[in-house]
Amino acid sequence: MIKDGRWDGVYTMEDSPYLMEVLTELRDKETDSIPFRKGLVKFGRFMGYEIIKTMEIEKITVETPLEETEGVVVRDRKNVVIITVLRAAVPMMEGLVKVFEHARIGIVSAVRGKAPEFRVEMNYIKVPHISDEDTVIIADPMIATGSTLLEVIAEIKKYGSPKRIIVAGVLGSPEGISRIKEKHPDVEIFVGKVDRELNDDGYILPGLGDAGDRAFGLPVKLSTLPQLRSIE
Ligand SMILES: O=P(O)(O)OC[C@H]1O[C@H](OP(=O)(O)OP(=O)(O)O)[C@H](O)[C@@H]1O
Ligand SMILES: O=c1cc[nH]c(=O)[nH]1
Ligand SMILES: [Mg+2]
């Protein structure tokens with residue numbers, strides 16, 4: 001984990017050859033859904049281990065079958081709420097839950113509309129109780145314009161005042177991260193890498209394309225639901 005000097009509380013994982021190899025596979029346009037989803041699961045698990053490194057460690061003693069020795073406990077590991085932003089964060093959540101097996105889980109739907117407004121529609125939110133002892137981890141692989149996370153963070157803050165709010169992502173753009181840090185300086189951001197820029201359609205360059213479509217396939221546009229029609 002490396003601190004990105006452009007912002008406070010933003011960390012990238014470029015020092016991990018393992019995670020950079022996973023990222024390379026995710027970027028590769030030849031990677032199809034199955035390895036893509038597996039890559040997101042690996043990302044979630046790795047991010048979980050990195051987040052634990054930033055939690056308080058308490059020294060304890062433990063009795064082996066032979067004698068007493070030193071041990072540690074990371075109490076905050078048990079006070080975690082994972083917020084999964086549909087769709088693309090679902091495989092990431094699977095990886096995070098392997099590390100935070102006690103986590104309570106919230107599910108949020110957010111669909112980003114087209115350029116140049118990038119309006120975000122949130123039409124489903126189910127979030128468990130959030131206490132002031134909790135670390136809330138918002139999983140969303142892509143921080144592009146930041147519009148989605150701005151909406152999600154504002155919504156989550158209505159549910160309580162957790163000890164920490166951490167965004168766990170795969171890629172970020174400088175624009176998106178700056179927007180989030182300006183509005184929510186308290187939110188920490190952990191991403192694999194911060195990419196160069198956004199294109200006019202709000203896609204991260206070089207990026208990995210549309211994370212949701214790559215993980216789950218191109219959706220067929222048959223819906224007549226008003227909330228989806230209104231932003232497309
Ligand atoms: O930072 P932003 O510009 O808001 O873009 C990022 C969002 O775009 C993607 O979701 P998308 O709206 O494509 O939904 P999907 O996961 O269902 O494809 C991604 O998973 C983020 O949630
Ligand atoms: O590059 C991008 C931007 C938004 N959402 C994605 O899935 N990818
Ligand atoms: Mg998408």
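Residues numbered from 1 in each chain as written. Chains lettered and ligands numbered in written order. Predicted model: local features only at pLDDT ≥ 70, side-chain atom pairs only at ≥ 80, totals over all residues.

Visitor: Just give me the short version of helix α1 (residues 17-27), but keep the residues and values in it.
Guide: Those residues of α1 lying buried are L19, V22, L23 and L26. For α1, the angular spread of the buried residues around the axis is 100°, confining them to a single face. Along α1, the residues that are exposed and aim more than 90 degrees away from the buried face are P17, E21 and T24. Among the structural elements, α2 (33-53), β10 (164-172) and β11 (188-194) are those in contact with the buried residues of α1. (Buried ≥ 20, exposed ≤ 12 C-beta atoms within 10 Å, placed from the backbone. Helix = DSSP H or I, 4+ residues; strand = E, 2+ residues; numbered from the N terminus. Arc of directions from axis to C-beta. Contact = placed C-beta atoms within 7 Å.)

Visitor: Could you give an account of the UniProt feature "binding site: uracil" (unreviewed entry) in the protein chain, with specific residues and numbers?
Guide: UniProt records the feature "binding site: uracil" (unreviewed entry) at I204, G209, D210 and A211, using the numbering of this structure. Along the chain, G209 falls in the loop between β13 (204-205) and α6 (211-216). Along the chain, the position of A211 falls in helix α6. Under the C-beta neighbour-count criterion, A211 is labelled buried, with 25 such atoms within 10 Å. In contact with A211, not counting residues within four places along its chain, are A88, P141 and M142. (UniProt positions renumbered as here; feature names shortened; annotations may be inferred.)

Visitor: How would you sum up the nonpolar core? Please name residues and give values.
Guide: I82, I83, I137, I138 and A139 are the most contacted members of the largest nonpolar core, which totals 57 residues. Ignoring anything within four residues of it in the chain, the contact list for I83 reads G106, V108, V127, V136, I138, A139, V152 and I156. (Core = buried A, V, L, I, M, F, W, Y, C linked by C-beta atoms within 7 Å.)

Visitor: Explain the site of ligand 2 residue by residue, including any values.
Guide: In the region of ligand 2, the neighbouring residues are M142, A144, G202, Y203, I204, G207, D210, A211 and G212. Broken down by class, the residue content of the shell around ligand 2 amounts to five nonpolar, three polar and one charged. (Near = placed C-beta within 6 Å. Nonpolar A, V, L, I, M, F, W, Y, C, P; charged D, E, K, R; others polar.)

Visitor: For helix α3 (residues 89-99), give the residues involved together with the corresponding values.
Guide: Taken together, the buried positions of α3 are occupied by A89, P91, M92, M93, G95 and L96. On its buried face, α3 is in contact with α2, β5 (80-86), β6 (104-112), β8 (135-139), β10 and α6.

Visitor: Let's hear about the site of ligand 1: which residues, and what values?
Guide: Lining the immediate surroundings of ligand 1 are 22 residues, of which R112, A144, T145, T148 and G212 lie closest. Listed by contribution, the elements that provide at least two residues to the shell around ligand 1 are β5, β6, β9 (142-143), α4 (147-157) and α6. In terms of residues, the shell around ligand 1 owes the most to one element, β6, which gives three residues. Across the shell around ligand 1, the residue classes break down as 11 nonpolar, seven polar and four charged.

Visitor: Residues and numbers for unusual backbone geometry, please.
Guide: Note the cis peptide between L86 and R87, where omega equals -5°. Mapping R87 onto the fold places it in the loop between β5 and α3. Omega for the bond connecting A115 with P116 falls within 30 degrees of zero, at 0°, which places this linkage in the cis form. Positionally, P116 belongs in the loop between β6 and β7 (120-126).

Visitor: Which residues make up the packing of α1 against α2, and what values go with them?
Guide: Helix-helix packing is described using two parameters, namely the angle between the two axes and the distance between the axes. Their axes nearest at 9 Å, the elements α1 and α2 cross at an angle of 150°. By the criterion of interaxial angle, the relationship of α1 to α2 is roughly antiparallel. Relative to α2, the crossing made by α1 is left-handed. Across the interface between the two elements, L19, V22, E25 and L26 of α1 pack against P35, F36, G39, K42, F43 and F46 of α2. (Axes fitted to C-alpha atoms, helices over the stretch in contact; angles between N-to-C directions. Parallel < 35°, antiparallel > 145°, perpendicular 65-115°, else oblique. Left-handed = near helix turned anticlockwise from the far one by under 90°.)

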